[in-house]
Amino acid sequence: MTTSRRYPTHEVLNQVSPLAGYNVADDAALLDGLRREGGGWAEAEVHDLGALAGAPATQDHARLANVHKPVLRTHDSRGYRVDEVDFHPSWHYLMSTAVSHGLHAAPWADDRPGAHVARAAKFMVWTQAEAGHGCPVSMTYASVPALRQEPGLAASYEPLLTAPVYDPGLRIPQTKAGLLAGMAMTEKQGGSDVRANTTMATPAGDGSYLLTGHKWFCSAPMCDLFLVLAQAPEGLTCFLLPRVLPDGSRNAMYIQRLKDKLGNTSNASSEVEYEHAVAWRVGEPGRGVRTIINMVSATRLDCVLGSAAAIRQATVVAASYARERQSFGAALIDHQAMTGVIADLALESEAATTLALRLAGAADRSARGDAAEAALLRIALPAAKYWICKRTPLVTAEALECLGGNGYVEDYSVMPRLLRDAPVNSIWEGSGNVTALDVLRALTRTPDAADALLAEVDMAASDQRVAAAATRLRSVLKEAAAAGQAAQRDVRRLAGQITVTLQAALLARHGPGSVAGAFAATRLEQGGYGPATPFGSLPAGLDLPSIVARAAATPAG
Ligand SMILES: Cc1cc2nc3c(=O)[nH]c(=O)nc-3n(C[C@H](O)[C@H](O)[C@H](O)COP(=O)(O)OP(=O)(O)OC[C@H]3O[C@@H](n4cnc5c(N)ncnc54)[C@H](O)[C@@H]3O)c2cc1C
């Protein structure tokens, strides 16, 4: 009797190979945007990082950093309070790669035009390795413009924040080779309405302040420095709070517990309490919101970059699967209904990436003093932050379903993690409504903003559909500006319409004809803005194969 008989049921058939060993940077929309916005000189670096991001070893680090969640250690073995968080070595690998490639504050020390664009493209590529560790990377990037409000502190800390060295561990900041920064605004009673913060800041008499209070969300608590909002005698003020004081003692920032989160699992988000924690004022007393808004604006850009990257990643994973998987005698991607879904996701991705890089270009030029670009950024960034971050969970859920049941399984693909990580960019740095309301604030308080936006859209006026959308947008902006706060009910529609019109205009000027035409046909003509959801309900006559062809993973060379 033989035991080696093979049963047909044991054969593995029609399973799709894992998507690994590809170059994440082989993305035409990303590379075109990088060149167009002035960061073309960094293309080789972006490609190197793209190969690393798609490498099997990196994917393993990403998995391990999420499976082995950070662990809070409040005390040492002898009962002394230490307030440390232990991370898996894979977290440190991801952080070290990000910082050594300058994804943190490095562009602030780089005079080359396009430095912020190069950094944006690299961030978009590397976040496709793992998104969670982007949190401290982004906060460090964003801390510099806020810190510059206090030149003395900036002179001390900026060189270390911009240094491309990941040097973890709680030590005196000035003795470290590189620093990371976080931010702490949100309290139990509310994160949107930070003016209601209760943390008190008392002048210590030597130029420093003593902070007492709490923060309900404080991510990446192993950062070296935090920008914190607290109530000074003059009102809400921004402070710089180091974890370790100049004499080497630990500052009185106590980590109460870590949040048990839906996603963003590799990253630690904590609740902290301050008990006479030493801090130094940043910016004018009583103008804390105005000071920290410089940080919020930069982190909002990263929310857009991160979300656009997640949309691209989800689309590529879905398209790759659908190319290989067979059903009813054909590759999934060749079934018309599936071609439509993948093409629709690809349109969303092209538009998100193109706009994200346009905003990175505006951020780069505005950091170098370009007022028109600053005005465009002022209105287009919150609009895009609202819209693109809101689209991400929808895209990832649809892309996940392209893998059928396999999409739902943890060890089959990155899809479950992508879906869990998708909503967070919309929540932080101003949740949906708050960010959309900021668009209205920009419209009513920065008159140049609407002009800059319309000028940008008008550059594509030779496209009739964009021209018609621009006319609609012009009248909506005018009505909203005239209505002021009475337009609050419509802010979500306004933010969506701004974003989609701008995306259509950018694609009309810079995208391939197939993409620009299909985007306008599906997003501008169906009810004014945005596609009919769920994805995949496309009109006839579009060049879907060439759209789908752009959502491909190419092997790393
Ligand atoms: C994973 C994670 C990490 C975080 N890390 C940090 C961190 O490091 N530092 C930090 O400071 N914060 C952090 N946050 C907090 C985050 O910034 C806040 O959750 C966010 O700003 C919203 O504040 P809230 O949760 O208090 O909600 P609320 O302010 O209570 O808002 C609840 C809802 O009401 C809406 N809303 C509020 N006001 C209005 C209005 N006027 N009109 C209409 N709708 C309104 C909001 O859009 C939101 O949908 C983190 C959050 C998460 C999930």
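Higher on the page you've got the structure.
Presented here is a report on the structure given in the accompanying data block. What you are looking at is a predicted structure, and each value in this text was computed from that prediction instead of being measured. (Residues numbered from 1 in each chain as written. Predicted model: local features only at pLDDT ≥ 70, side-chain atom pairs only at ≥ 80, totals over all residues. Heavy atoms only, no water.)

### Details of the pattern of salt bridges
Line of reasoning, step 1. Using the criterion set out here, one finds 36 salt bridges in the structure.
Line of reasoning, step 2. For the salt bridge of E456 with R358, the shortest nitrogen-to-oxygen distance reads 2.9 Å. Taken together, the positions of E456 in helix α14 (residues 447-458) and R358 in helix α9 (residues 336-367) put the pair 98 residues apart, joining distant regions of the chain.
Line of reasoning, step 3. With a relative accessible area of 5%, E456 lands in the buried category.
Line of reasoning, step 4. Relative accessible area serves as the criterion here: at 7%, R358 is assigned to the buried category.
Line of reasoning, step 5. Its salt-bridge partner being R365, residue E373 comes within 2.9 Å of it at the nearest N-O pair.
Line of reasoning, step 6. Look at E373 and you get buried, because its relative accessible area is 11%. (Salt bridge = Lys/Arg side-chain N within 4 Å of Asp/Glu carboxyl O. Helix = DSSP H or I, 4+ residues; strand = E, 2+ residues; numbered from the N terminus. Buried < 20%, exposed > 50% of the residue type's maximum accessible area, 1.4 Å probe, protein only.)

### Quick notes on helix α17 (residues 513-524)
Line of reasoning, step 1. The end-to-end C-alpha distance of α17 is 15 Å, a good match for the 16 Å that 12 residues give at a rise of 1.5 Å each.
Line of reasoning, step 2. Burial runs high along α17: 10 of the 12 residues are buried.
Line of reasoning, step 3. Those residues of α17 not exposed but buried are S514, V515, A516, A518, F519, A520, A521, T522, R523 and L524.
Line of reasoning, step 4. Each element contacted by the buried residues of α17 is listed here: α9, α15 (464-483), α16 (491-510) and α18 (544-549). (Expected span 1.5 Å × (residues − 1). Contact = heavy atoms within 4.5 Å.)

### Focus on the state of the cysteines
Line of reasoning, step 1. In total, this model carries 0 disulfides according to the counting rule given.
Line of reasoning, step 2. The thiol of C303 is not disulfide-bonded; the next cysteine sulfur, from C389, is found 5.2 Å away.
Line of reasoning, step 3. Overall, the relative accessible area of 2% leaves C303 in the buried class.
Line of reasoning, step 4. Given the relative accessible area of 0%, C389 is considered buried. (Disulfide = S-S within 2.5 Å.)

### Side note on the packing of helix α6 (residues 134-147) against helix α7 (residues 151-162)
Line of reasoning, step 1. In the contact formed by α6 and α7, the axes pass within 9 Å of each other and the chain directions differ by 160 degrees. With respect to their mutual orientation, α6 and α7 come out roughly antiparallel. In terms of crossing hand, the pair formed by α6 and α7 is left-handed. Between α6 and α7, the residues in contact are T140, S143, V144 and L147 and P151, L153, A154, Y157, E158 and L161, respectively.
Line of reasoning, step 2. Split by residue class, the contact of α6 with α7 holds 7 nonpolar, 2 polar and 1 charged. (Axes fitted to C-alpha atoms, helices over the stretch in contact; angles between N-to-C directions. Parallel < 35°, antiparallel > 145°, perpendicular 65-115°, else oblique. Left-handed = near helix turned anticlockwise from the far one by under 90°. Nonpolar A, V, L, I, M, F, W, Y, C, P; charged D, E, K, R; others polar.)

### Digging into α14
Every α-helix carries 3.6 residues per turn, so stepping three or four residues along brings you back to the same face.
Line of reasoning, step 1. Between its first and last C-alpha, α14 extends 17 Å over 12 residues, near the 16 Å set by a 1.5 Å rise per residue.
Line of reasoning, step 2. Residues of α14 that are buried: A449, A450, A452, L453, L454, E456 and V457.
Line of reasoning, step 3. Where α14 is buried, its residues meet α9, α10 (371-402), α13 (432-445), α15 and α16.

### Side note on the packing of helix α8 (residues 288-324) against α10
Line of reasoning, step 1. Direction vectors running N to C along α8 and α10 enclose 20 degrees, while the axes themselves pass 8 Å from each other. Put simply, α8 runs roughly parallel to α10. For the pair α8 and α10, the crossing hand works out as left-handed.
Line of reasoning, step 2. When its residues are assigned to classes, the contact of α8 with α10 shows 17 nonpolar, 5 polar and 3 charged.

### Remarks on the environment of Y141
Line of reasoning, step 1. Along the chain, Y141 turns up in helix α6.
Line of reasoning, step 2. Separated by 257 residues in sequence, Y141 and E398 place their C-alpha atoms 32 Å apart.
Line of reasoning, step 3. Sequence-distant contacts of Y141, defined by excluding residues within four places in its chain, comprise H104, A105, P107, W108, H116, R119, A298, L301 and D302.

### A word on the site of the ligand
Line of reasoning, step 1. Residues in contact with the ligand amount to 20 residues; listed here are only the nearest, M185, T186, G191, S192 and S219.
Line of reasoning, step 2. Within the backbone of M185, one N or O atom sits 2.7 Å away from an oxygen atom of the ligand.
Line of reasoning, step 3. The backbone of S219 places a nitrogen or oxygen atom 2.8 Å from an oxygen atom of the ligand.
Line of reasoning, step 4. Burial of the ligand by the surrounding chains reaches 66%, relative to a free accessible area of 970 Å². (Near = heavy atom within 4 Å. Polar contact = N/O pair within 3.5 Å; in protein donor to acceptor, adjacent residues only side chain to side chain. Areas by Shrake-Rupley, 256 points an atom, 1.4 Å probe, with all protein chains shown as cover.)

### Examining the pairing of strand β1 (residues 71-75)
Line of reasoning, step 1. Summarising the sheet, β1 and strand β2 (residues 81-86) pair through 4 bridges and their orientation is antiparallel. Looking at the pairing, R73 lines up with E84 of β2.
Line of reasoning, step 2. The antiparallel hairpin formed by β1 and β2 contains 5 residues in its connecting segment, where G79 sits at a positive phi of about 95 degrees. (Pairing = 2+ DSSP bridges.)

### A short note on the packing of aromatic side chains
Line of reasoning, step 1. What the rule picks out here adds up to 4 aromatic pairs.
Line of reasoning, step 2. Plain terms: the ring middles of F87 and W91 are 4.6 Å apart, the flat faces sit at 15 degrees to each other, and that makes the pair stacked. Assigned by exposure class, F87 and W91 land together as buried.
Line of reasoning, step 3. Aromatic side chains Y321 and Y412 sit 6.3 Å apart centroid to centroid with 70 degrees between the ring planes, which places their arrangement in the edge-to-face category. With Y321 in helix α8 and Y412 in the loop between α10 and α11 (415-421), the pair connects residues that are 91 residues apart, well separated along the chain.
Line of reasoning, step 4. Given a relative accessible area of 24%, Y412 falls into the partly exposed group.
Line of reasoning, step 5. It is K259 that lies over the ring of W216; its NZ or CZ is 3.4 Å from the centre.
Line of reasoning, step 6. In this structure, K259 is placed above the aromatic ring of F217, and the distance from its NZ or CZ to the ring centre is 4.4 Å. (Phe/Tyr/Trp six-rings, centres within 6.5 Å; stacked < 30°, edge-to-face > 60°. Lys NZ or Arg CZ within 6 Å of the ring centre and 35° of its normal.)

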